[in-house]
Amino acid sequence: MHCGKYIKSQTVKLCIVVLHIDGIRSPLASRCYSHAKVETDEEFDARWVTYFSKPDIDAWELKKGMNTLIGYDLVPEAKILDSALRACRRLNDLASAIRILEAVKDKSGPHKDIYPYLIQELQPTLIELGISTPEDLGMDKL
Amino acid sequence: MLFSFRMLATRALSLVGKRAISTSICLRGGHGVAKVDDYALPAYFDRRENPLPDVQFVTELSAVQKSLKEKEKGSWATLSNEEKIALYRISFKQSFAEMNEGTKEWKSVIAGMFFFIGMTGLVVLWQRKFVYGPVPPTFESEWKEKEVQRMLDMRINPVEGFSAKWDYENKEWKK
């Protein structure tokens, strides 16, 4: 596959890519997408773990970080949540820790198996910090 | 004329220097700051997409709550479930379960729908009785019989439609 000639029109500049299949040539137009680097999942996770790991994180930063994270179209990984829960501990804020667990469960939506998995992954941290899950406190019921 | 205008302007400006005219807020001795209304301050609200609001729900803590907040600085494992719930309720008004709870509004909506459909039905019945005149004579069965006979005589749709279903030999509808 080699790039053919560039054809300039008045409004659109197309790159016609010519495909060679068994001697038959068929023109294929390639799209001009952005060449910006896409962040990988690992980079995303690492960035957020670092954000919440800041030793002198303040309450505003915790709230801002958490609200932003919940705004994304994903359920945060256990390690990000672990970092956030430890940030709550540094800020002496148990209520926010419980709220984060509630928010994550809500964020999972119809995928009911995500939350139990996350709780299982976070169990060591929850025990270490003494955080009760909303279920333990009966807050998931009305 | 021009000279007199300039004179007035300079006299006015000199008065500003003597603080005889307050032309800006800063001359009012610090009382010029606008009053901050409640709606301009960060507010508390329960939203799924904003799990940690800008402010705590309870702003004025009672003595019990204050001591609880002090206890929160220690190990959380020493807190009882009731204390943990109390801490939660200081910071937040409704839990996620409570804020996501549905209302019973749909029952009112369905009831309203049925009611208005019923009302419309009554209006239609009233119209039939009191508004519309008699139905044309062409609906009477005697007329209809003659109409059908005429259609058959004219061989309406003889291939696949109306007359095709009539058996002309036996003078009856085809089975």
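Source: prediction; values computed, not measured.

## Quick look at the interface of chain B and chain A
Then comes step 1: Taken together, the 32 residues of chain B in the interface contact 27 residues of chain A.
Then comes step 2: At the boundary of chain B with chain A, total buried surface from both sides reaches about 2,600 Å², with 59% on carbon and sulfur atoms.
Then comes step 3: Summed over the three residues of chain B that lose the most area to chain A, namely B:Leu52, B:Trp76 and B:Tyr88, the buried surface amounts to 31% of that side.
Then comes step 4: Applying the counting rule to chain B against chain A returns 2 salt bridges.
Then comes step 5: When the shortest N-O distance is used, the salt bridge between A:Arg99 and B:Asp46 registers 2.9 Å.

## So, helix H2 (residues 63-72) of chain B
Then comes step 1: Those residues of H2(B) not exposed but buried are B:Leu68, B:Lys69 and B:Glu72. Projected down its long axis, H2(B) shows its buried positions confined to an angular sector of 100°, all on one face.
Then comes step 2: In this fold, the buried residues of H2(B) make contact with helix H3 (78-90) and helix H4 (94-108) of chain A together with helix H3 (81-91) of chain B.

## A closer look at the UniProt feature "transmembrane region" (unreviewed entry) in chain B
Then comes step 1: In the UniProt entry, the feature "transmembrane region" (unreviewed entry) is given for residues 109-127 of chain B.
Then comes step 2: The straight-line gap between the two end C-alpha atoms of residues 109-127 of chain B is 27 Å; of that span, 100% is helix and 0% is strand.

## Some points on the nonpolar core
Then comes step 1: Residues A:Phe52, A:Met66 and A:Ile131 are the most contacted members of the largest nonpolar core, which totals 43 residues.
Then comes step 2: Elements with a minimum of two residues in this core: helix H1 (41-53), helix H2 (59-71), H3, H4 and helix H5 (114-129) of chain A together with H3 and helix H4 (96-99) of chain B.
Then comes step 3: Considering each element in turn, this core owes the most residues, 8 residues, to H4(A).
Then comes step 4: Leaving out residues up to four positions away in the same chain, A:Met66 has contacts with A:Phe52, A:Leu81, A:Ala84, A:Ile100 and B:Leu52.

## Here we look at unusual backbone geometry
Then comes step 1: The residue A:Asn92 is not glycine, and still its phi comes out positive at about 55°.
Then comes step 2: Structurally, A:Asn92 can be placed in the loop between H3 and H4.
Then comes step 3: Located in the positive-phi region is B:Arg155, a residue other than glycine, with phi close to 60°.
Then comes step 4: Turning to its location among the elements, B:Arg155 is positioned in the loop between helix H6 (141-153) and strand E1 (166-167).

Cut-off values and rules
Residues numbered from 1 in each chain as written. Chains lettered and ligands numbered in written order. Predicted model: local features only at pLDDT ≥ 70, side-chain atom pairs only at ≥ 80, totals over all residues. Heavy atoms only, no water. Contact = heavy atoms within 4.5 Å. Buried area = accessible area lost by both parts, 1.4 Å probe. Salt bridge = Lys/Arg side-chain N within 4 Å of Asp/Glu carboxyl O. Buried < 20%, exposed > 50% of the residue type's maximum accessible area, 1.4 Å probe, protein only. Helix = DSSP H or I, 4+ residues; strand = E, 2+ residues; numbered from the N terminus. Arc of directions from axis to C-beta. UniProt positions renumbered as here; feature names shortened; annotations may be inferred. Core = buried A, V, L, I, M, F, W, Y, C linked by side-chain atoms within 4.5 Å.

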